Amino acid sequence: DSGVTQTPKHLITATGQRVTLRCSPRSGDLSVYWYQQSLDQGLQFLIQYYNGEERAKGNILERFSAQQFPDLHSELNLSSLELGDSALYFCASSEYTSGRVGEQFFGPGTRLTVL
Amino acid sequence: GENVEQHPSTLSVQEGDSAVIKCTYSDSASNYFPWYKQELGKRPQLIIDIRSNVGEKKDQRIAVTLNKTAKHFSLHITETQPEDSAVYFCAAKKADDYKLSFGAGTTVTVRA
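To start, this report covers the structure provided alongside it. All figures in this text were calculated on a predicted structure; none of them were measured in a lab.

### Some points on the side chain of Ser-94 of chain A
Thinking step 1. Here Ser-94 of chain A lies in strand β9 (residues 87-94).
Thinking step 2. Among the residues examined, Ser-94 of chain A registers a relative accessible area of 3% and is labelled buried.

Written out as structure tokens, the structure reads:
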């Protein structure tokens, strides 16, 4: 157990719908990262927050948005869902931000299926 | 941004043999290179990492080597066991960057 929690574990929804994925980082970690992993694909970085502020953006679609709350948990919002959005979404947390290096601890992931 | 290429995409080895996975990176400013292992249906987990001021690091049966001049780093697994079967991802991070750039992954299968 990495200490990072994600809910829900599984999510099945229809095209055009909107969903929210939730992540709680390890105690003390200020950075939260979101990744998308499609079937047989690598880890695509979406977005990073540090202590409530957006710090880096990757290949995140405009239909997707995220935020980090004062208690440091983060939510990833996916709207106008398409079949191609079906994937495993991972949240990771780390103690550090830029300028320092350290392990990113991954949560168990949320498997999103869009029908 | 940083571009990380990983080879091979699949690797099948006989139990007890060695496995080697290679990654190249594009940005010479990268200074941190972790390797993650992801078992089927599970989360990626860090297995070893190396910083740019070190050329080699070893932890039991796994080792990582870094060639800064050539901008490549490799994962070596010796005496492979069935539980080493997984997808392995390399990654790189620049000192002034906030994120890891991952390779596409290598599916390793250890044949009994």
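### As for the nonpolar core
Thinking step 1. Counting residues in each nonpolar core, the largest one holds 23 residues, and the members touching the most others are Ile-21, Tyr-25, Phe-33, Trp-35, Phe-73, Leu-75 and Tyr-88 of chain B.
Thinking step 2. Mapped onto this core, the elements with two or more residues apiece are β2 (10-14), β3 (19-25), β4 (30-38), β5 (45-51), β7 (62-67), β8 (72-77), β9 (86-94) and β11 (106-111) of chain B.
Thinking step 3. If near-sequence neighbours (up to four positions away) are discounted, Tyr-25 of chain B is found in contact with Glu-2, Asn-3, Val-4, Ser-30, Phe-33, Leu-66, Asn-67, Lys-68, Lys-71, His-72, Phe-73 and Ala-92 of chain B.
Thinking step 4. Judged by nonpolar contacts, the second largest core, of 21 residues, contains Val-19, Trp-34, Tyr-49 and Ala-87 of chain A.

### Observations regarding the sheet that holds strand β1 (residues 5-7) of chain A
Residues and elements named next belong to chain A.
Thinking step 1. Spatially, β1-β3-β8-β7 is the arrangement adopted by the four strands of the open sheet, whose pairing is antiparallel. Across the chains shown, the open sheet's two edge strands, defined by having one partner strand only, are β1 and β7 (64-68). Averaged over all neighbouring strand pairs, the angle between strand axes comes to 15 degrees, with direction disregarded.
Thinking step 2. The pairing of strand β3 (residues 19-24) with strand β8 (residues 74-78) spans five bridges and is classified as antiparallel. Across the sheet, residue Leu-21 finds its bridge partner in β8, namely Leu-76.

### Focus: the sheet that holds β3 of chain B
Residue and element names in this part refer to chain B.
Thinking step 1. Ordered in space as β1-β3-β8-β7-β6, the five strands form an open sheet in which the pairing is antiparallel. Edge positions in the sheet fall to β1 (4-7) and β6 (56-59), since each of these pairs with one other strand and no more. The average angle at which neighbouring strand axes cross in this sheet is 15 degrees, direction not considered.
Thinking step 2. Looking at chain direction, β6 and β7 are connected through four bridges and run antiparallel. Across the sheet, Lys-58 pairs through a bridge with Ala-63, a residue of β7.

Conventions we followed
Residues numbered from 1 in each chain as written. Chains lettered and ligands numbered in written order. Predicted model: local features only at pLDDT ≥ 70, side-chain atom pairs only at ≥ 80, totals over all residues. Heavy atoms only, no water. Helix = DSSP H or I, 4+ residues; strand = E, 2+ residues; numbered from the N terminus. Buried < 20%, exposed > 50% of the residue type's maximum accessible area, 1.4 Å probe, protein only. Core = buried A, V, L, I, M, F, W, Y, C linked by side-chain atoms within 4.5 Å. Contact = heavy atoms within 4.5 Å. Pairing = 2+ DSSP bridges. Axes fitted to C-alpha atoms, helices over the stretch in contact; angles between N-to-C directions.

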